[in-house]
Amino acid sequence: MNDMMKKLTGDSSFDLGNWVLDNIVTIIFWVFIILGMLTAKDLSLNGFFTELCNRFYRNAFLILSLIIPVIAGLGLNFGIVVGAIAGQLAIIAVRYWGINSELVGGTAFGGLGGLLLMFVIALPIAAIIGWLTGTLYNKTKGQEMIASLIVGYFGNGVYQFIVLFLIGAVIPVAAAHPMILYDGVGIRMSVDMGSTTYALDNLLQIPFVPFMIAAAAFVLLFVLWNQFIRKPKVEGQSYKMNPLKFWVYVILAAGVLAYFVMQLMTGGPMNDVRQVPVVLMLVIAALAIFNQWIMNTKLGQDFRSCGMNQTIAEANGINVDRTRVIATVISTVLAAWGMIIYLQNMGTLNTYTAHNNVGYFSVAAILVGGASVDKATIGQAVTGCLLFHAMFILSPEIGKAVFGQAALGEYFRTFMVYGVIGLSLGLYVWRANKRAKLAMPKEDEE
Amino acid sequence: MNNGILEFVNVGKEYSGHAVLKGINMDVRPGEIHALIGENGAGKSTLMNILFGMPVIHSTGGFTGEVRIGGEDAKIMNPHDAMMQGIGMVHQEFMLIPGFTITENIKINREITKSSLMSKVFGKRMESLEHAAMATDARKALDTMGMDIEEYTKVHGLPVGHMQFVEIAREIDKTGIRFLVFDEPTAVLTESETEHLLNAIRKLAAQGIGIVFISHRLDEIIRLSDRVTILRDGEWVATEETKNITAAEIARLMVGRALTLDRAEGDRKVSDEKIMTVDNLRVNMPGEEVKGVTFDVHRGEILGIGGLAGQGKLGIANGLMGMYPVTGKVTFKGEPLDVMKTNETLKKGVAFLSEDRKGVGLLLQSSIEENIAFTAMEVHNKFLKKVGPFTLTDDKAIRENAEKMVKDLDIRCTSVTQNTGALSGGNQQKVCVGKALSLDPELLLVSEPTRGIDIGAKKLILDLLKDLAEKRGMTVIMTSSELAELRSICDRVLIICEGKVAGELSPFDSDEVYGLMMSGVSKEEAMKAAGAAQKKAGGEANG
Ligand SMILES: Nc1ncnc2c1ncn2[C@@H]1O[C@H](COP(=O)(O)OP(=O)(O)OP(=O)(O)O)[C@@H](O)[C@H]1O
Ligand SMILES: [Mg+2]
């Protein structure tokens, strides 16, 4: 088996045991999802995919915001919670003015315009918070992840103080405003997103099946081009995948292509899956491209240098602290925008709770995709997002099928979230220790 | 282009109240090769770290005095400032990123970029990388060093010698370099690589670059440098024109007493018991391949393994410890030994001190005593005590053992609780030696045990090895590229050539015989040729 894998992957150091260990979280999730699909009896395929796509559009941006800090060596940035908070403050501000001006017959800051305004306002807030956060990370080097958790809690406290007390008590607001609590101090439990709801989602939609056909065809062509035609920019570099990976991709893409063509022709259930918000997809793609692009700039190279080894980066004249702050600022701003995208899809902002799980869930998702404390890619973020939410959707179904109780499934998924984080971090530390402790390391990272 | 002299004026440095440099004055002229020498912990690296503005200096309270270039205060607060002043440095510790390619390492923070729309708006850091141009530059720097290794290979897994050259390539790729510091660049190099490097340094000096060269090898210093400055315990001792001083004088100034590596006495008696037999061992270690060696090791003997670089002498010990793929039969104390099971080999009483100490094994954030005890605790459950149902570390035993090692090996530290990260490079290596000895092995494999260690401490370590062999009956297989070292303590020396044993020599054979055998001449012929040469020399002297 192992020898076969060695041949297939073309990698003589391939070790099946190690591979399983490296990908254990992803594997657990696949097993879970496949079992779930088999046990959940009254699961409708189109319902499942509608829900999954919906969650993907909603969350992908947030999860992608985690990549840069990982590459810059800051680890998993649970601190994106404060980014989310920045996004929420922008939403509250825009909605407040919008409702106000609507009352006197002005613009409601709704629709796409309102959404863009939220983005613009969130930018400086998130940038400043990100800068503060990054500065804190620099003061707590080596403990950034713990610091980022604390930042989340602290940010939450400050935010609650602002929206519950300062607004109204210090910042003057109209007491009769529908967003303000009855005594004129503080924001209400939930804020309606008004006409910014679905502002991005609804912009331009195309049916799911043709979209999937196009996407699968694109992937197929890309993989073939990549394998046979693409010329490396620099000598020695190769874009070629190992044979196993190549064939997996080709077969998967071809299979998906064939399936959806069938669906199109037979009018199967996939035709009922919710439409694809093209513009939102483009926005997510743009972020992925941005990530990729920035890694090919001087700044991106500096992120990598700092991520690999701060001492060496410093000794080569890189301003490590500044670089790390920039990484944190980018991540925080992206998280703020990601939160706005998330909420325009939800339709209401739960003022006091919406941001609470953003950190844990996003981190868990990217870990499920196979990322770790020092390694994260766009592919991992995307797969992680899909797998994680598939698990989320299936849990109650499984709970119902196995225990006859949907609620048990919901406990189970909370357990999965924290379990994933715990397991991944535990494995990471265990592996790092093993590497450091062995008197004569025969380490083979990468 | 180079018009300023580099001067250290009354430079002093304290680490937490402990003065490690006191009023140092020194100058380096453009185009000169200035050697800097001193015992382990004398303060050489610290002085150079000051010049390079290393964070470790400024995060521990900075320094006193001044560094001047061309008569003006250079105001170097961080490595970036140093680079702007045209100062380059090859650090004593490893300063490459293993996960990066050679090109990326050579071009780190000096990447070639091209401006784009985004960079016009957001600044220079948004410029995109020009990989092809970077590769070309890297290639050129590697060619200057005479290295025909592909510039796109990852640094991870390269032989140590190559890594050192990559570091040097990184420095010479910098334009506008005026001063270049080499902090023990040859400590990890083989003889031929060293030759290579010394030539490259001469070329750089000829271009008008001022060189500071730190080494513990006196012969290198004599051959290479124009002037030499000697430090002792953080104090300036002397600066001399190299042509006016001998190696022995340098050694005396450095340590305060005369030193030689001569063999003290004649043949030792070793037991007949074979502790290890090696039959047709083949080791696939890149650059040091072993192609079938057979030999026995007797209990209590010190077996030397010598040979030129790349011939496979280093592969033997690495192979016996299962570091690389191995075939062949090995027995230890009469039982077959599966060398691929490193942990079991260790448990059976074999210890290994690798030649690659730059990359291996010290936990720099942990104390000296923990580092010394660590492997012994893991492998042999030493330094543990049972208290009821619990197994606890025996802090007292750990402390005592560490203190003994500090004394035996002359590890210069403030106390055994000091972090190894705060030790000088040479003293860190002594900790590695202490760690291997704490395993209390029956068979100790040491490769290049005294690299990067000053000559005083070197003698100490060799004497200690000999002592352990004589008094405790420990068996030692010592691999070394220094003949003097091999001959000073070994009972016999195997010469490895082209991956095979070319023959066995006694420590009393002449230099000529050693030299000839290493270059592939058979033992008989080598003996004959050497004999003839001696006779001829004798004849001439008589005639
Ligand atoms: N980070 C540090 N913290 C505290 N003390 C330090 C630190 N770095 C070095 N020292 C101490 O400063 C002294 C000089 O060390 P330095 O590294 O300059 O020696 P060196 O001459 O380069 O020796 P070697 O030949 O072993 O490399 C040593 O006593 C060492 O213990
Ligand atoms: Mg040093």
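These figures come from a predicted structure and were not determined experimentally.

1. Some points on the overall build of chain A
For chain A, the helix and strand inventory stands at 17 helices and four strands. Against the 2.2 N^0.38 benchmark of 22 Å for 446 residues, chain A shows a C-alpha radius of gyration of 23 Å, consistent with a compact globule. When the 446 residues of chain A are sorted by exposure, 47% land in the buried category. Sequence-distant contacts in chain A: of pairs separated by 6 or more residues, those separated by 24 or more amount to 76%. For chain A, the computed accessible surface area is about 20,600 Å², with 68% contributed by carbon and sulfur atoms.

2. A closer look at the coordination of the magnesium ion (ligand 2)
All names here are of chain B. Within the protein, the atoms that donate to the magnesium ion (ligand 2) are Ser 45 (OG) and Gln 92 (OE1), at distances of 2.0 Å. Taken together, the residues Ser 45 in helix H1 (residues 44-51) and Gln 92 in the loop between strand S6 (87-90) and helix H4 (102-106) connect sequence positions 47 residues apart. Here Ser 45 and Gln 92 have matching classes, each one buried.

3. Re the domain arrangement of chain A
All names here are of chain A. Once the domains are mapped, chain A shows domain 1 (18-202 + 277-429) and domain 2 (208-274). Its C-alpha centre places domain 1 at a distance of 28 Å from the equivalent point of domain 2. Counting from both sides, the interface comprises 12 residues of domain 1 and, opposite them, nine residues of domain 2. Regarding the contact of domain 1 and domain 2, the summed buried area is about 810 Å², with carbon and sulfur atoms giving 67% of it. Three residues, Asn 46, Phe 49 and Thr 50, lead the burial of domain 1 against domain 2; their summed loss comes to 47% of the area buried on that side. Connecting domain 1 to domain 2 are one salt bridge. Applying the counting criterion to the domain 1 and domain 2 interface returns four residue pairs in polar contact (both at pLDDT 80 or more). Taken together, the residues of the side of domain 1 that touches domain 2 sort by class into six nonpolar, five polar and one charged.

4. Overview of unusual backbone geometry
Positive phi outside glycine occurs at Asn 381 of chain B, with the angle close to 55°. Judged by relative accessible area, which is 54%, Asn 381 of chain B ranks as exposed.

5. Here's the deal with helix H10 (residues 247-255) of chain B
Residue and element names in this part refer to chain B. Among the residues making up H10, those that are buried are Ile 250, Ala 251, Met 254 and Val 255. Looking straight down H10, one finds that the buried residues subtend no more than 110° of arc, so they occupy a single side. Residues of H10 that are buried sit in contact with strand S3 (33-38), helix H9 (218-224), strand S11 (227-232) and helix H16 (455-472).

6. Section: the side chain of Asn 427 of chain B
All names here are of chain B. Within the secondary structure, Asn 427 sits in helix H15 (residues 425-438). Polar side-chain contacts of Asn 427 include one of 2.9 Å to the side chain of Ser 424. What Asn 427 contacts, discounting residues up to four positions off in sequence, is Asn 40, Gly 41, Asp 410, Ile 411 and Arg 412.

7. Some words on the sheet that holds strand S21 (residues 443-447) of chain B
Residue and element names in this part refer to chain B. Overall, mixed pairing links the six strands, which are arranged S18-S21-S22-S15-S23-S24 in an open sheet. Of all strands in the sheet, those with a lone pairing partner are strand S18 (350-353) and strand S24 (500-505), marking the two edges. Neighbour-to-neighbour, the strand axes of this sheet turn through a mean angle of 20°, independent of strand direction. Across four bridges, strand S15 (residues 302-306) lies against strand S23 (residues 492-497) in parallel orientation. Bridging from a neighbouring strand, Ile 305 pairs with Leu 494 of S23. Strands in contact with H15 are S18 and S21; relative to S18, the strand with the most contacts, it is inclined by about 175°.

8. A look at the confidence of the model for chain A
The predicted coordinates should not be examined in detail at positions where pLDDT is low. Residue and element names in this part refer to chain A. When pLDDT is averaged along chain A, the result is 88, and 94% of the positions lie at 70 or above. Averaged pLDDT values over the elements of chain A bottom out at 70 in helix H1 (residues 2-9) and peak at 96 in helix H14 (residues 320-346). Note on residues 437-446: pLDDT is under 50 here. Beyond four places in sequence and across chains, it has 21 contacts.

9. Here's the deal with the pattern of salt bridges
Across all of its chains, the model carries 43 salt bridges over all chains by this definition. In this structure, Glu 220 of chain B engages Arg 217 of chain B in a salt bridge whose closest nitrogen and oxygen atoms are separated by 3.2 Å. The pair Glu 220 of chain B / Arg 217 of chain B is uniform in exposure class, with both members buried. For Asp 338 of chain B, the salt bridge is made with Lys 341 of chain B, and the minimal N-O distance between the two is 3.7 Å. Each of Lys 298 and Asp 302 of chain A together with Glu 111 and Arg 125 of chain B takes part in salt bridges that share partners, so that together they form one network.

10. Digging into the nonpolar core
It is characteristic of soluble globular proteins that their nonpolar side chains tend to be buried jointly. Residue and element names in this part refer to chain A. Grouped together as the largest cluster of nonpolar side chains are 113 residues, with contacts concentrated most on Leu 76, Ile 187, Ile 366 and Phe 388. Of the residues that make up this core, three or more belong to each of domain 1 (18-202 + 277-429) and domain 2 (208-274). With near-sequence residues (within four places) excluded, Ile 366 lies in contact with Ile 63, Leu 66, Ile 67, Leu 76, Ala 371, Ala 376, Gln 380 and Ala 381.

About the cut-offs
Residues numbered from 1 in each chain as written. Chains lettered and ligands numbered in written order. Predicted model: local features only at pLDDT ≥ 70, side-chain atom pairs only at ≥ 80, totals over all residues. Heavy atoms only, no water. Helix = DSSP H or I, 4+ residues; strand = E, 2+ residues; numbered from the N terminus. Rg over C-alpha atoms; globule rule 2.2 N^0.38 Å. Buried < 20%, exposed > 50% of the residue type's maximum accessible area, 1.4 Å probe, protein only. Contact = heavy atoms within 4.5 Å. Areas by Shrake-Rupley, 256 points an atom, 1.4 Å probe, with all protein chains shown as cover. Donors = N, O, S within 2.8 Å, 3.2 Å for Na, K, Ca; no water. Domains from an automatic or database assignment. Buried area = accessible area lost by both parts, 1.4 Å probe. Salt bridge = Lys/Arg side-chain N within 4 Å of Asp/Glu carboxyl O. Polar contact = N/O pair within 3.5 Å; in protein donor to acceptor, adjacent residues only side chain to side chain. Nonpolar A, V, L, I, M, F, W, Y, C, P; charged D, E, K, R; others polar. Arc of directions from axis to C-beta. Pairing = 2+ DSSP bridges. Axes fitted to C-alpha atoms, helices over the stretch in contact; angles between N-to-C directions. pLDDT = per-residue confidence, 0-100. Core = buried A, V, L, I, M, F, W, Y, C linked by side-chain atoms within 4.5 Å.

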